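# Fold and geometry: a report
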Amino acid sequence: MTAPTVIDGAALLDEVEAFHRRFNVFPTEAAYVAVALWDAHAHLIDCFETTPRIAFLSPEPGSGKSRALEIVELLTPRPVATVSASANALYRLVDSAEGLPTVLFDEVDTIFGPKAGADEALRGFLNAGYRRIGGALRCVGEGSNQNAQVFNSYCAVAMAGLGSLPDTVLTRSVIVRMRKRAPNEKVEPYRQRIHEKQGHALRDRLAKWADTVRDQVAQAWPDMPDGVSDRPADVWEPLLAVADAVGGDWPGRARAACLELISAAHDNDEASLGVRLLTDLRDKVFCGADRMPTAAIIECLLRMDDAPWGDLDDKPINSRTLARLLGQYVTPANKPIKPRGIRTPSGFPKGYYAEDLTDAWTRYCPPSPEESATSATSATPQVSRGESVADTATPIRHMSAEAATQPTLTH
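Residues numbered from 1 in each chain as written. Predicted model: local features only at pLDDT ≥ 70, side-chain atom pairs only at ≥ 80, totals over all residues. Heavy atoms only, no water.

## Structural notes on the overall build of the protein
For the protein, the helix and strand inventory stands at 15 helices and 10 strands. Counting the 411 residues in the protein, one finds 44% classified as buried. Long-range contacts, defined as pairs at least 24 residues apart, comprise 71% of the intrachain contacts of the protein with a sequence gap of at least 6. Total accessible area on the protein stands at roughly 21200 Å², and carbon and sulfur atoms take up 50% of it. (Helix = DSSP H or I, 4+ residues; strand = E, 2+ residues; numbered from the N terminus. Buried < 20%, exposed > 50% of the residue type's maximum accessible area, 1.4 Å probe, protein only. Contact = heavy atoms within 4.5 Å. Areas by Shrake-Rupley, 256 points an atom, 1.4 Å probe, with all protein chains shown as cover.)

Below you can see the structure in the form of structure tokens.
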């Protein structure tokens, strides 16, 4: 009996990475690692609970996104490339008898871009298909003779487009932010008639290797790098499982790439408006004060450079918008954050207390800067008797309950 051929997975994945390097200039070494692992994971997605999307994004055309997608297409099983598709067509494609496809969306910005309108059905396909248990319930039949049927949506998806993607898609994706090539960055011209055969040969070898490790990968629970949990861990678990099965230096490279790309994704993410507001309140408005009148908060927000508060739906933030945004979050007592009365020498205006905001600050805001207690507070005004908020720019640093109730001394 002939012994089964042993395939050197590490050497094979090295070849996959080298094939990408011939035609793609990715922004970091971590991106090459992630893309090669993603190619391999597409041959093993039946072993996983989740399949991360991979998104090649750039701010301008001509950054190599489509070429990256073309090379991925050569290396993955049953690829289906499209620039336009209905969610119903995709559900039926995934449920076909031919096996799970690898869906490749080019020009995905035309689907989710600001001029395209929200395609909730397609977004639902991308989000639900990230997990094996995802699917869609549809009526099938004609006229009154219809039955409810669940359509599977679990499959590997790669995307390329300008700008960004909806947050629900981004958080399920490995993000590669492409750039135009610099003059000193050279790639080999891609010729489909020549290079397609080379890519398919690599793809077939990847498929054979995958068959030799399928049982091992299906039982794998890879160790995550410190600090990687929740959704990022779901995204990277299949890729790390592949790296561990490959061996060589890939497990170490994969975990380094995991940390680097997760950090880069966070750096490029725009926080939601609510999180931005909470963070600005903590770091640039309260700055240690235990309470703040609403009028003072609004003035501080409007004085901030490069902040959205002066133009929310074509008008500046006001007390009603402030209350609506903060009301989404809760106090430590699990009640919506609301303005409360603050006793001041000049009256009893409405405002907010730091103690009501602390739970939201802890749960939603990024770590505060090391010097947050002493950072730019000159824009924080103090309300005193006989003065409007606009009359003074005296900062409130640590307003105690006693200080807030003491009259202002005048001469």
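## As for the side chain of E17
Position of E17 relative to the elements: it lies in helix α1 (residues 9-23). A polar contact of 2.9 Å, which involves the side chain of E17, links it to the side chain of R21. The contact partners of E17, leaving out residues within four places of it in the chain, are Y32, A36, W250 and R253. (Polar contact = N/O pair within 3.5 Å; in protein donor to acceptor, adjacent residues only side chain to side chain.)

## As for the nonpolar core
Core analysis: the largest hydrophobic core is formed by 64 residues, its most contacted members being F56, W209 and W236. Beyond its immediate sequence surroundings of up to four residues, W209 is in contact with I7, G9, L12, A40, L44, V242, A245 and V246. (Core = buried A, V, L, I, M, F, W, Y, C linked by side-chain atoms within 4.5 Å.)

## As for the packing of helix α11 (residues 273-286) against helix α13 (residues 319-326)
As a packed pair, α11 and α13 sit with axes 9 Å apart at the nearest point and diverge in direction by 105°. Considered as vectors, α11 and α13 are oriented roughly perpendicular to each other. Between α11 and α13, the contacting residues are L273, L277, L278 and L281 on the first element and L322, L325 and L326 on the second. Here the contact of α11 with α13 is composed, by residue class, of 7 nonpolar, no polar and no charged. (Axes fitted to C-alpha atoms, helices over the stretch in contact; angles between N-to-C directions. Parallel < 35°, antiparallel > 145°, perpendicular 65-115°, else oblique. Nonpolar A, V, L, I, M, F, W, Y, C, P; charged D, E, K, R; others polar.)

## A few points about the sheet that holds strand β8 (residues 291-293)
Across the sheet, which stays open at both edges, the 3 strands sit in the order β8-β10-β9 with antiparallel pairing between neighbours. Strand pairing shows two members of the sheet lacking a second neighbour, β8 and β9 (340-341), which therefore form its edges. One ladder, built from 2 bridges, connects β9 with strand β10 (residues 350-353); its direction is antiparallel. Counterpart to R340 in the pairing with β10 is G351. This element, helix α12 (residues 294-303), spans β8 and β10 of the sheet and lies at about 85° to β8. With respect to the sheet, helix α14 (residues 354-364) is in contact with β8, β9 and β10, its orientation differing from that of β10 by roughly 50°. (Pairing = 2+ DSSP bridges.)

## Notes on α12
Taken across its 10 residues, α12 has 7 buried, putting it largely inside the fold. Every buried residue of α12 is listed here: T294, A296, I297, I298, E299, C300 and L301. The elements touched by buried residues of α12 are α11, β8, α13 and β10.

## Description of the pairing of strand β1 (residues 53-58)
Within β1, 6 of the 6 residues are buried, leaving the element largely enclosed by the surrounding structure. Of the two faces of β1, both are covered, the one formed by R53, A55 and L57 as well as the one formed by I54, F56 and S58. Sheet analysis places β1 next to strand β7 (residues 173-177), joined by 5 bridges and oriented parallel. Across the sheet, the residue bridging to F56 is V176, located in β7. Relative to strand β6 (residues 156-162), β1 runs parallel, the two being bridged by 5 bridges.

## Some thoughts on the packing of aromatic side chains
The final tally for this structure, using the stated rule, is 6 aromatic pairs. Judged by centre distance (5.5 Å) and plane angle (85°), the rings of F23 and Y190 are edge-to-face. Here the residue F23 occupies a position in helix α1, and Y190 occupies one in the loop between β7 and α8 (192-218), the gap between them amounting to 167 residues. Neither residue differs from the other here; F23 and Y190 are each classed as buried. One aromatic cluster in this structure is built from F19, F23 and Y190. One cation-aromatic arrangement involves R253 over W250; the distance from NZ or CZ to the ring centre is 4.8 Å. Cation over ring: R340 sits above Y353, and NZ or CZ is 4.0 Å from the ring centre. (Phe/Tyr/Trp six-rings, centres within 6.5 Å; stacked < 30°, edge-to-face > 60°. Lys NZ or Arg CZ within 6 Å of the ring centre and 35° of its normal.)

## Observations regarding the sheet that holds β1
Within the open sheet, the 5 strands sit side by side as β2-β3-β6-β1-β7. Their pairing is parallel. The open sheet is flanked by β2 (79-82) and β7, the only strands paired with a single partner. Pairwise comparison of adjacent strand axes, ignoring direction, gives a mean angle of 15° for this sheet.

The values reported here are purely geometric and, on their own, carry no functional implication.
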